[in-house]
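Observations on the model geometry
Each chain is listed here by its residues.
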Amino acid sequence: MGLGAVVHAPDGTVAQQLSEATTFTGCNNEAELRALALALRWLQAQGTAATAGVRVYSDNSVLVEQLAPGGARAAPTARLALLFDEVRALMQAVGDVAVRWIPRHRNGQADTLARGALGLAPKPSTKHHTRTRKKRR
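A brief report on the enclosed structure follows.

Criteria and thresholds
Residues numbered from 1 in each chain as written. Predicted model: local features only at pLDDT ≥ 70, side-chain atom pairs only at ≥ 80, totals over all residues. Heavy atoms only, no water. Helix = DSSP H or I, 4+ residues; strand = E, 2+ residues; numbered from the N terminus. Buried < 20%, exposed > 50% of the residue type's maximum accessible area, 1.4 Å probe, protein only. Salt bridge = Lys/Arg side-chain N within 4 Å of Asp/Glu carboxyl O.

1. Things to note about the environment of valine 54
In this structure, valine 54 sits in strand E3 (residues 54–58). On the basis of relative accessible area, valine 54 is assigned to the buried category, the value being 11%.

2. Quick word on the pattern of salt bridges
Within the structure shown, the criterion is met by 4 salt bridges. Across the salt bridge formed by arginine 34 and glutamate 30, the nearest N and O atoms sit 3.0 Å from each other. With arginine 34 and glutamate 30 both in helix H1 (residues 28–46) and 4 residues apart, the pair spans about one turn of that helix. For the pair formed by arginine 34 and glutamate 30, the shared burial category is buried. The shortest N-O distance in the salt bridge between glutamate 86 and arginine 41 comes to 2.2 Å. Highlighted residues: glutamate 86 in helix H4 (residues 78–94) and arginine 41 in helix H1, separated in sequence by 45 residues. With relative accessibility at 40%, the residue arginine 41 sits in the partly exposed group. Among the charged side chains, a salt-bridge network with shared partners connects Glu30, Arg34 and Arg79.

Pasting the structure below:
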């Protein structure tokens, strides 16, 4: 599984791009959680996250629902429960962390990093605002 995360500084510039191939196999939810854990560990090592606060953006609704304050707390699959607990502990250690959902087309940079970690080419971009209309006859 390939992991990718982009860490932005408070001024919006890219502070760090994280890309890692793992020996794990799993579902997209697990990949998203592991990528978030990777980013949180990097922030923790920098020691500056607690003062600035952290905003996490993910296109994975399961991750967002589980980790956002007041979000759905339906039990995750047993296989992912320990990983969710690990990420929650990292979030607490880092400090003020807010988790928000974004559409998939706005998360292309992290996806490209994850695919690149596995030696895969980026996915072709799709035009998310245009629709193909059939001509009436």
